[in-house]
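Secondary and tertiary structure notes
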Amino acid sequence: MLRSRNLLALCGIILSLSNKVLAGFDPTASNNIAVYWGQNSISLTSGGQQRLSYYCANSPINIIPLAFLYTIKTPSTTINFANAGDNCTLFSGSQLLSCPQLEEDIQTCQTAHNKSILLSIGGATYTEGGFSSPAEAVQMAGAVWEMFGPKKEGSKVERPFGDAVVDGFDIDLEAVAVNMVDFVGELRRLMDADGGKKKFYMSGAPQCPFPDAAMGGLMDGVGFDFVMVQFYNNWCGVDSWKASGGGDGKGESQFNFERWDRWAREESKNKGVKVLLGVPGSQAAGRGYVNGEVLKGVVEYVKGFESFGGVMMWDMSQVYGNTGFLDSIQAALGSDGQSSGQGSGLPPTQTASQTTISTSLSSSQLASLLSSLLSSQTAFVTITTTVVFSATATEFSTEEVPSPTTASVKSTSGSSTPTGTPVPHWGTCGGIYHLGSTVCESPYQCVVLSVWYSQCL
């Protein structure tokens, strides 16, 4: 039997959990918050990207897509997480990174903070163009699932995240790719078949023009759990919204959330799909950043749509370098989660606080309370016979970020002779680990935003 003080502590933990919305993606809620992590698109002089686990602790964020898996086909499967790659090594004989720090952080985010961690596939640097046949697409879906899904007994597959298992996948195609319905459909089938008690999620990140040029067919061919529509860098972005213009794409406003809501309710394969409002995390986006009363007005407007599921932001380094922005999103949504702790804008020294809970409930009352809470679906609870409270402090260094190791550097921006197929406006054209084209479509130029990221502007 549990000793009384441990039982009291356990009840305190359960009570604190039962009063909060689930920290991961909630398909019934309209206040989900998703922020992409991995590309460190902010200038390094402004702080840069911290390790994944930092953003999971003491944060209102529910969903973190890891960006990106941008080469799918084996044996050249490639992931790129900017400066986080400095903590990875290459598997022998391949370009695939082995990332034990990410393995640890993914598991910490999932088990300690109940975050939904997805792997985003594609991005602006994805240039494979899809698959040669439906059969190849299905085969590659199986390979990706073996790498990032539940580890199979006896499997010899190289897994970038070790024993960690992602909570699903996000599809972000910036150019047309063939046989993707077969690829994503097979991933969906494998997730559903292996899920058991664990729910895996499939999300998409189309751009706001409807239908999206790159993902139109995919949106109707696969059952997505939620889509994070990019309402920026386009004529239909949040910056085109006007309170008097409505959201029908006519009159004063070209903002078209209404069209995406209609797709979700009437045309999508999953009629319960949620639509998240995608916004840039700072003015570093080429077009579409809004804040203050305008941002509040947009969120209030989209709250009126049945499919609205929350807000997505690009990307983590931009959001945390933009003082108070995440808190303003949380306030506009009315989220019940923790504060982001964004007081200084940049990642501060963080201290986890300790809460003391006391009660005078009788043994029978405690037993009844435990039974009620453990049968509830409002919280995930892990029970152990020993409960330990401790305060921890994590220091974050402000030292200059070291240069990547020679083994992990695949290419750099600033090449003297740009090469490759011209990249469209807003596309990625350079940076460490960038393997794609370094030349932009006319009249745009490849602008170095940081050592990790260059964009056609």
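Quantities reported herein were computed from a predicted structural model and do not represent experimental measurements.

The rules behind each value
- Residues numbered from 1 in each chain as written.
- Predicted model: local features only at pLDDT ≥ 70, side-chain atom pairs only at ≥ 80, totals over all residues.
- Heavy atoms only, no water.
- Disulfide = S-S within 2.5 Å.
- Helix = DSSP H or I, 4+ residues; strand = E, 2+ residues; numbered from the N terminus.
- Core = buried A, V, L, I, M, F, W, Y, C linked by side-chain atoms within 4.5 Å.
- Buried < 20%, exposed > 50% of the residue type's maximum accessible area, 1.4 Å probe, protein only.
- Contact = heavy atoms within 4.5 Å.
- Phe/Tyr/Trp six-rings, centres within 6.5 Å; stacked < 30°, edge-to-face > 60°.
- pLDDT = per-residue confidence, 0-100.
- Arc of directions from axis to C-beta.
- Expected span 1.5 Å × (residues − 1).
- Salt bridge = Lys/Arg side-chain N within 4 Å of Asp/Glu carboxyl O.

It is worth spelling out the state of the cysteines at this point. Under the defined criterion, the tally for this structure stands at 4 disulfides. Here Cys88 engages in a disulfide with Cys99; their sulfurs sit 2.2 Å apart. Taking the torsion about the sulfur-sulfur bond, which here is approximately 110 degrees, the covalent link between Cys88 and Cys99 counts as right-handed. Placement of Cys88 in the loop between strand S3 (78-79) and strand S4 (89-90) and of Cys99 in the loop between strand S5 (97-98) and helix H3 (100-111) is noted, with a sequence separation of 11 residues between them.

Membership of the largest hydrophobic core comes to 91 residues, with the highest contact counts inside it found for Phe161, Phe169, Phe183 and Leu277. Here the element with the most residues in this core is helix H4 (residues 134-148); it accounts for 7 residues. Each residue touching Phe161, except ones within four places of it in the same chain, is listed here: Leu66, Ile79, Phe81, Leu102, Glu103, Ile106, Leu119, Phe148 and Val166. If you look at the next biggest cluster of nonpolar residues, it comprises 16 residues, including Tyr36, Ile63, Phe68 and Tyr70.

Tallied over the full model, the rule gives 23 aromatic pairs. Between the aromatic rings of Tyr55 and Tyr320, the centroid separation amounts to 4.8 Å while the plane-to-plane angle is 70 degrees, which identifies the pairing as edge-to-face. One end of the pair, Tyr55, is in helix H2 (residues 52-56); the other, Tyr320, is in helix H9 (residues 316-320), with 265 residues separating them in the sequence. The residues Tyr55 and Tyr320 share a single accessibility class, namely buried. Through pairs of rings, three or more aromatic residues link up here, namely Phe231, Trp241, Phe255, Phe257, Tyr301, Phe305 and Phe308.

Let's shift gears to the side chain of Arg259. Its place among the elements puts Arg259 in helix H7 (residues 257-267). Once residues within four sequence positions are removed from consideration, Arg259 is found in contact with Phe210 and Glu267.

A few words on the confidence of the model for the protein chain. Of all residues in the protein chain, 72% attain a pLDDT of 70 or more, and the chain-wide mean is 79. Note that pLDDT drops below 50 for residues 247-252; the model gives that stretch 14 contacts with residues more than four away or on any other chain. Scored below 50 in pLDDT, residues 343-416 shows 103 contacts in the model against residues more than four places distant or in partner chains.

A few words now on helix H10 (residues 325-333). All buried positions along H10 are accounted for by Phe325, Leu326, Ile329, Gln330, Ala332 and Leu333. For H10, the angular spread of buried residues about the axis comes to 165 degrees, placing them on one side. The secondary structure elements touched by the buried residues of H10 are strand S1 (32-35), strand S10 (274-280), helix H8 (292-302), strand S11 (308-314) and H9. Phi turns positive one or two residues past the end of H10, at Gly334, with a value near 75 degrees.

Because each turn of an α-helix spans 3.6 residues, side chains separated by three or four positions end up pointing in the same direction. Its 15 residues place the ends of H4 21 Å apart at the C-alpha level, agreeing with the 21 Å of an ideal helix rising 1.5 Å per residue. Within the sequence span of H4, burial applies to Glu136, Ala137, Met140, Ala141, Ala143, Val144, Trp145, Met147 and Phe148. On the buried face of H4, the contacting elements are strand S2 (63-71), S3, strand S6 (116-123), strand S7 (168-173) and helix H5 (180-195).

This brings us to the pattern of salt bridges. According to the stated counting rule, one finds 16 salt bridges in the structure shown. A salt bridge links Glu186 to Arg189; the nearest nitrogen and oxygen atoms lie 2.8 Å apart. Taken as a pair, Glu186 and Arg189 lie in helix H5 at a separation of 3 residues, close to a single helical turn. Salt bridges sharing common partners tie together Arg188, Asp192, Lys199 and Asp225.

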